Amino acid sequence: MADSIRRSSRRDVLKQGLAASLAVSSTGEGLIAPGAQAADAAPCRRTAESSNVVAAENDLAGSNDWQLTRVRLDKTGGSRSPAIEGYCSRQSVEAGQRIAFKVSCDPAAPFQIEIFRLGYYGGKGARLMQTLGPLAGKPQPIPEVGPNRVRECRWSTSAEIQIPSDWLSGVYLGRLTTLTESGGSGYWQSYVVFIVRDRRKADILFQCSDNTWQAYNKWPDSYSLYTHPDGAHVPDVAVSFDRPYAKYPQIVDAPMSVGSGEFLLWEFPLCYWLEQQGYDVTYCSNVDMIDRDEPLRSKVVLSVGHDEYWDVRQYETLENAVKQGVSILFLSANTAYMVSPFTPAADGTADRVITRRASFGPMSEEETRNYGQMMGPFPSAGPDEGLLIGARTIVPFNGAGDWICTKPDHWMFAGTGMRAGDRIPGLIGWEYHGEPAKIPGLEVVGEGTVLSGGVRPGHWTATIYPGPHDNFVFNASTIWWAQGLASPPGHMLPWSHWSRPHGPDERVQIITHNLLQRAGAKKA
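These numbers come from a predicted model, not from an experiment. (Residues numbered from 1 in each chain as written. Predicted model: local features only at pLDDT ≥ 70, side-chain atom pairs only at ≥ 80, totals over all residues. Heavy atoms only, no water.)

Looking now at the overall build of the protein. Summing up its helical and strand segments, the protein has eight helices and 28 strands in all. Burial analysis of the protein (524 residues in total) assigns 62% to the buried set. Of the contacts formed within the protein by residues at least 6 apart in sequence, a portion of 74% connects residues at least 24 apart. (Helix = DSSP H or I, 4+ residues; strand = E, 2+ residues; numbered from the N terminus. Buried < 20%, exposed > 50% of the residue type's maximum accessible area, 1.4 Å probe, protein only. Contact = heavy atoms within 4.5 Å.)

Take a look at the structure:
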């Protein structure tokens with residue numbers, strides 16, 4: 001079939017009839033929603049035992065039409081899309097497991113869900129995997145405010161699938177589209193997002209930063225971890241994964257990403273570039289990192305973008321991984337800053353709520369003196385994140401500036417032609433890591449000044465230190481590292497603190513290649 005059901009054929013689609021209830025497929029695999037259609041039959045694919053299933057996946061035809069076209073945000077908060085919005089029953093799911101889609105349409109309207117896997121796909125950025133629908137959409141209730149200010153939806157299931165065995169690990173978007181043309185309003189769209197996880201050995205494990213996506217999610221109006229009336233950093237405030245992602249609320253105005261968390265903004269350029277280059281990569285959610293064995297199936301783990309909120313068990317898992325010989329690339333910033341343990345949902349579903357409990361590492365005397373009223377106060381602190389990352393977040397924790405090379409003879413700069421003091425414009429931002437940790441063998445490979453608010457100086461440091469088994473840990477010290485790797489379809493460059501990155505830069509690409517290859521990752 002075509003990439004999506006064409007707008008001109010909606011009346012034909014509607015003539016097929018709307019099923020008001022779900023029907024389970026006789027095979028027990030794949031679709032369990034009415035009216036679903038699979039994507040075109042694909043060419044013969046390599047199996048999971050093949051040398052590089054990611055390269056084989058990206059040989060398949062991509063989709064011309066996977067982005068959002070028409071989005072209508074509410075007039076009050078301006079962040080949610082009540083015409084059609086939804087969420088998934090899991091953060092991540094494996095082949096053979098079921099995932100449910102909970103969708104609300106206000107006013108009631110028929111709709112469809114097109115499921116896409118994100119990747120390179122010849123530069124198109126995504127591939128259509130399955131289409132569900134037409135489905136009957138109805139308004140679903142806005143939940144009351146619960147303990148710790150949590151908003152936790154209990155929406156009925158609109159569609160449910162069992163993940164087919166040949167769906168490769170990756171980040172998947174479900175594009176929700178209303179199918180009614182009544183009243184001349186046209187169709188409306190938003191996304192849902194989920195991660196397909198596997199258990200295979202792979203060179204690279206890409207950890208998505210979805211705890212932080214949810215921490216900043218304001219749905220339905222002002223209910224992120226930062227909107228408590230007592231202050232932005234109050235302890236014991238909670239958020240639930242059982243709710244849609246509203247429009248992203250920080251530094252960029254990106255309504256065409258509504259429903260996808262922060263993935264398209266800060267993480268997709270790295271995903272796109274890795275799969276373009278043919279690296280063997282598999283994906284997981286933050287919650288998957290509470291499994292101590294999760295990173296041990298890879299040679300290198302990537303922390304990507306804005307990776308601020310961690311359960312202490314995630315820290316312990318990665319601390320153990322370094323001891324076991326796994327390398328880690330923190331292509332991220334403000335990482336492991338807030339302790340946010342997972343707890344069950346009200347219905348008992350495990351790991352669907354995170355609560356801000358404390359900071360990782362104690363605040364310095366200066367931070368306590370100058371920012372104690374804003375930051376907490378927290379009753380306790382978690383482990384010092386700098387001892388894992390190589391440097392830690394310091395106040396002021398945001399700003400922007402150039403990424404400056406300070407150790408050009410280091411192997412990570414081989415082939416870049418960089419000299420001491422050479423700059424990659426605007427690559428630091430909008431948060432960074434400052435104070436280096438006292439770790440034997442740690443080297444500062446980049447450092448410089450950022451300006452918070454364009455006026456107040458702060459100091460960032462990029463670091464690398466050796467692990468016990470010829471592995472290493474690299475800290476890029478910026479949320480925007482991926483901006484220097486690729487600019488995929490639909491991507492927009494950020495701008496914050498009166499500064500911006502410039503997009504793909506050959507030096508960033510070469511440095512990243514050098515780091516991955518030293519860690520043992522190979523291209524196809």
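Moving on from the coordinates now.
On to the environment of Glu 447, then. Tracing the chain through its elements places Glu 447 in strand E26 (residues 443-452). In this structure Glu 447 comes out as partly exposed when scored by relative accessible area, which is 31%. If we skip the residues at most four places from it in the chain, Glu 447 touches Ile 404, Thr 406, His 459, Trp 460 and Thr 461.

Another aspect to go through is the pairing of strand E7 (residues 126-137). Across the 12 residues of E7, 11 count as buried, placing the element largely inside the fold. One ladder, built from nine bridges, connects strand E6 (residues 109-118) with E7; its direction is antiparallel. Note on E7: the bridge partner recorded for Ile 113 is Leu 132. (Pairing = 2+ DSSP bridges.)

What follows deals with the environment of Phe 241. Along the chain, Phe 241 turns up in the loop between strand E12 (237-240) and helix H4 (263-277). For Phe 241, a relative accessible area of 5% corresponds to the buried category. Excluding residues within four positions of it along the chain, Phe 241 makes contact with Tyr 87, Cys 88, Gln 91, Asp 210, Asn 211, Gln 214, Phe 342, Asp 351, Arg 352 and Ile 354.

A few words on the nonpolar core. Phe 206, Phe 263, Leu 270, Leu 274, Leu 302, Phe 474 and Leu 516 are the most contacted members of the largest nonpolar core, which totals 107 residues. For this core, the element with the highest residue contribution is H4, accounting for eight residues. When neighbours within four sequence positions are excluded, Phe 263 is seen to be in contact with Leu 118, Val 171, Phe 206, Cys 208, Trp 213, Phe 268 and Cys 271. Within the second largest apolar cluster, 24 residues are counted, among which are Ala 83, Phe 111, Ile 113 and Trp 188. (Core = buried A, V, L, I, M, F, W, Y, C linked by side-chain atoms within 4.5 Å.)

This part takes up the sheet that holds strand E18 (residues 342-343). Pairing between the strands of a sheet comes from backbone hydrogen bonds, and it takes one of two forms, parallel or antiparallel. Pairing within the open sheet is antiparallel, and its three strands lie in the order E12-E19-E18. Of all the strands in the sheet, the pair left with one neighbour each is E12 and E18. Judged from the four bridges that link them, E12 and strand E19 (residues 353-356) form a sheet pairing that is antiparallel. Counted as the bridge partner of Ala 238 is Thr 355 from E19.

As a further point, take the pattern of salt bridges. As enumerated under the stated definition, the model contains 29 salt bridges in all. Three or more residues are tied together by salt bridges with common partners; here these are Glu 94, Arg 197, Asp 198, Arg 199, Arg 200, Asp 280, Asp 288, Asp 291, Glu 294 and Arg 297. (Salt bridge = Lys/Arg side-chain N within 4 Å of Asp/Glu carboxyl O.)

Let us look at unusual backbone geometry. For the peptide bond that leads from Asp 106 to Pro 107, omega is 10°, which places it in the cis range. Within the element layout of this structure, Pro 107 appears in the loop between strand E5 (98-104) and E6. At Asp 236, a position not held by glycine, the phi torsion is positive, near 65°. Positionally, Asp 236 belongs in the loop between helix H3 (210-215) and E12. A relative accessible area of 34% means that Asp 236 is categorised as partly exposed.

Our focus in this paragraph is the packing of aromatic side chains. Tallied over the full model, the rule gives 26 aromatic pairs. Relative to Phe 413, the ring of Trp 403 lies with its centre 6.1 Å away and its plane at 55°, an arrangement referred to as tilted. Linking Trp 403 in strand E23 (residues 401-404) with Phe 413 in the loop between E23 and strand E24 (423-428), this pair joins segments that are 10 residues apart in sequence. The two residues Trp 403 and Phe 413 agree in class, both being buried. Among the aromatic side chains, those forming a connected cluster through ring pairs are Trp 66, Tyr 120, Phe 206, Trp 213, Tyr 245, Phe 263, Phe 268, Tyr 272 and Tyr 283. Between Arg 149 and the ring centre of Tyr 223, over which it is positioned, the NZ or CZ distance is 4.2 Å. (Phe/Tyr/Trp six-rings, centres within 6.5 Å; stacked < 30°, edge-to-face > 60°. Lys NZ or Arg CZ within 6 Å of the ring centre and 35° of its normal.)

Let us now look at the state of the cysteines. Inspection of every chain in the model, using the stated rule, returns zero disulfides. Among the cysteines around Cys 208, which has no disulfide bond, Cys 284 carries the closest sulfur, lying 7.1 Å off. (Disulfide = S-S within 2.5 Å.)

Glancing now at the sheet that holds strand E15 (residues 309-310). With mixed pairing, four strands are arranged side by side in an open sheet as E15-E17-E20-E21. Two strands close off the open sheet at either side, each with one partner strand: E15 and strand E21 (381-382). Relative to strand E20 (residues 358-360), strand E17 (residues 338-339) runs antiparallel, the two being bridged by two bridges. When the bridges of E20 are listed, Met 338 appears paired with Ser 359.

This part covers helix H5 (residues 312-323). Helix length check: H5, at 12 residues, gives a terminal C-alpha distance of 17 Å against a target of 16 Å (1.5 Å per residue), a fit within 8%. Of all the residues in H5, the buried ones are Gln 314, Tyr 315, Thr 317, Leu 318, Asn 320, Ala 321 and Val 322. Measuring from the side-chain oxygen of the N-cap residue of H5 to the backbone nitrogen of Arg 313 gives 2.8 Å; that N-cap residue is Asp 311. One or two positions beyond H5, positive phi appears at Gly 325, with a value near 105°. (Expected span 1.5 Å × (residues − 1). Polar contact = N/O pair within 3.5 Å; in protein donor to acceptor, adjacent residues only side chain to side chain.)

Spanning 13 residues, helix H8 (residues 506-518) covers 18 Å between terminal C-alpha atoms, matching the ideal 18 Å at 1.5 Å per step. Taken together, the buried positions of H8 are occupied by Val 508, Ile 510, Ile 511, Thr 512, His 513, Asn 514, Leu 515 and Leu 516. Immediately beyond the C-terminal end of H8, within one or two residues, lies Gly 520, with a positive phi of roughly 105°.

Secondary-structure assignment places Thr 177 in strand E9 (residues 170-178). Of the residues examined, Thr 177 reaches a relative accessible area of 0% and is grouped as buried.

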